[in-house]
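Listed below, chain by chain, are the residues.
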Amino acid sequence: MTYQFLQQYWWFLVSLLGALLVFLMFVQGANSCLRSLGWTDEGKRLVVNSTGRKWEFTFTTLVTFGGAFFASFPLFYSTSFGGAYWLWMIILFTFVLQAVSYEFQNKLGNLLGPRTFQWFLILNGIVGPLLLGGAVATFFEGSNFVIEKANLTDLGAPIISRWANASHGLDALLNPWVLVFGLAVFFLSRTLGILYVMNNVADEDIRSRGSVRIIGAAIPFLILFVAYLVHLLLKDGFAVDAATGLIVMEPYKYLHNLLAMPIVLIILLIGVMLVLYGVFRTIGSKTYVNGIWPAGIGTVLAVLALLLCAGWNNTAYYPSNADLQSSLTLANSCSSEFTLRTMAIVSLLIPFVLGYIIYAWHSIDKKKITKDEIAHGDAY
């Protein structure tokens, strides 16, 4: 295992975690349409209890995603999480609201009332996917930061990365293409959320409303995603000179990446087709409720391919719009070879962890949620 291989390997693992996180945001997506999907008080409780069984998976994956970035590409962690902290603080704040809402909305002595906490869940369902999608879009659109590694010798202020303006990440939302991708992720999460609730809740009212609501989520997603994908394939990208490490602008860079990596292109196409299959079969059938599985697997594959396209094939995965040569690449932002090699050995445990997650998921979802369980069981 060479140093370069380890860098590529860890970018794959980080990309896989990011793809799983986007899929697991069906929790936020379902919560964002809580009132229209649940409609009645009883229906809302069915939706909340459906997503309430899975919100820990999403939160844990978000933390693991950040931890993996910190361990493998610490310069990105310090630059993005440390520089764009307003963006990340808002995201984390809404996730904290989510956790509190699940635990306290129906507790005795709740002074705010269940409806207030339900609105907190809706807030997290809107803001979380939108801002996380915007953060992912900066891998292609760039951010405003400057890297000055010479500052390591300054004992008074050994800070090598700084944000180039006072917005600390919120300036990304001024880029219309960042908003397009963020909205695409938001509507994707709503689509997946509706598919999941239709599969997980044995209630004909919710399933019938879901078959209608999914049209209003899937169509905007498809329009926004196709628009961004066309923009991505036609835009100039941030290429890295393998010999010198210099970053240069290359026309059609991301299109070139997909053509140079046909396996990644195939993964992207399969992922998109699976999402379309899950959505359109659900819309076209009154009895089909398993659309979450092809659409979910397709989401993981498509997002994985996009993130690999952002970092592999000599590409700057976190471009700087303030100083082109400050852009982060796999080579200039990774941990030491010893660290990557040691963590690579630990990563061999990942299949066992995934196996446990699948087992736990199956055990939780073995029985569909019903109104009777809400009325007499241990429910949120």
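Our structure is the block above this text.
Keep in mind the model is a prediction, meaning the values are calculated, not measured. (Residues numbered from 1 in each chain as written. Predicted model: local features only at pLDDT ≥ 70, side-chain atom pairs only at ≥ 80, totals over all residues. Heavy atoms only, no water.)

**Q** Help me understand unusual backbone geometry, please; the structure alone is not making it clear to me.
**A** Glycine aside, residues mostly have negative phi angles, and peptide bonds mostly take the trans form. Phi at Y252 is positive, roughly 55 degrees, even though this residue is not glycine. Here Y252 shows up in the loop between β4 (247-250) and α11 (253-260). Relative accessible area serves as the criterion here: at 39%, Y252 is assigned to the partly exposed category. In this structure, N314 is a non-glycine residue whose phi angle is positive, near 55 degrees. With respect to the helices and strands, N314 occurs in the loop between α13 (292-311) and α14 (330-333). With a relative accessible area of 40%, N314 lands in the partly exposed category. (Helix = DSSP H or I, 4+ residues; strand = E, 2+ residues; numbered from the N terminus. Buried < 20%, exposed > 50% of the residue type's maximum accessible area, 1.4 Å probe, protein only.)

**Q** Looking at this structure, how should I read empty space enclosed by the protein?
**A** Where empty space is left in the structure can be found by rolling a water-sized probe over the atoms. Per the counting criterion, the structure on display carries one cavity of 30 Å³ or more. When its volume is computed, the largest cavity comes out at roughly 220 Å³. Lining the largest cavity are 24 residues; nearest its centre among them are F65, W88, L132, A135 and V136. Ranked by residues supplied to the lining of the largest cavity, first place goes to helix α8 (residues 114-141) with six residues. Grouping the amino acids of the lining of the largest cavity by side-chain chemistry returns 18 nonpolar, six polar and no charged. (1 Å grid on protein atoms, 1.4 Å probe; cavity = no way out; pocket = protein on both sides within 12 Å on 5 of 7 lines; lining within 4 Å. Points joined across faces, edges and corners; volume = space filled by probe spheres on them. Nonpolar A, V, L, I, M, F, W, Y, C, P; charged D, E, K, R; others polar.)

**Q** Looking at this structure, how should I read the nonpolar core?
**A** General note: in soluble globular proteins, nonpolar side chains tend to be found buried as a group. With 108 residues, the main nonpolar core has W11, F69, F73, F139 and Y317 as its most contacted residues. Among the elements that take part in this core, helix α9 (residues 176-200) stands out by supplying 14 residues, more than any other. (Core = buried A, V, L, I, M, F, W, Y, C linked by side-chain atoms within 4.5 Å.)

**Q** Is there a simple way to explain the pattern of salt bridges in this structure?
**A** With the rule as written, the count across this model stands at two salt bridges. E148 is the salt-bridge partner of R162, the closest N and O atoms lying 3.5 Å from each other. Separated by 14 residues along the polypeptide, R162 in strand β2 (residues 161-163) and E148 in the loop between β1 (145-147) and β2 bring together distant segments of the chain. On the basis of relative accessibility, which here comes to 44%, the residue R162 falls in the partly exposed class. Of the charged contacts, one joins E337 and R341 as a salt bridge, the two residues approaching to 2.7 Å between their closest N and O atoms. Of this pair, E337 and R341 both sit in helix α15 (residues 337-346), four residues apart, roughly one helical turn. Take E337: its relative accessible area is 33%, and that puts it in the partly exposed class. (Salt bridge = Lys/Arg side-chain N within 4 Å of Asp/Glu carboxyl O.)

**Q** How should helix α10 (residues 204-234) be read in this particular structure?
**A** Helical periodicity: at 3.6 residues per turn, an α-helix aligns residues three or four positions apart in one direction. With 31 residues, α10 should cover 45 Å at 1.5 Å per step; its first-to-last C-alpha distance of 45 Å lies within 8% of that length. The axis of α10 is deflected most strongly, by about 30 degrees, at S211. (Expected span 1.5 Å × (residues − 1). Bend = angle between axes of the 7 residues up to and from the residue.)

**Q** I keep staring at the side chain of S335 and nothing clicks. Help me out?
**A** Tracing the chain through its elements places S335 in the loop between α14 and α15. Judged by relative accessible area, S335 falls into the buried class, the value being 9%. What S335 contacts, discounting residues up to four positions off in sequence, is Y3, A71, S72, F73, P74 and L340. (Contact = heavy atoms within 4.5 Å.)

No statement about biological role is implied by the geometric values presented.
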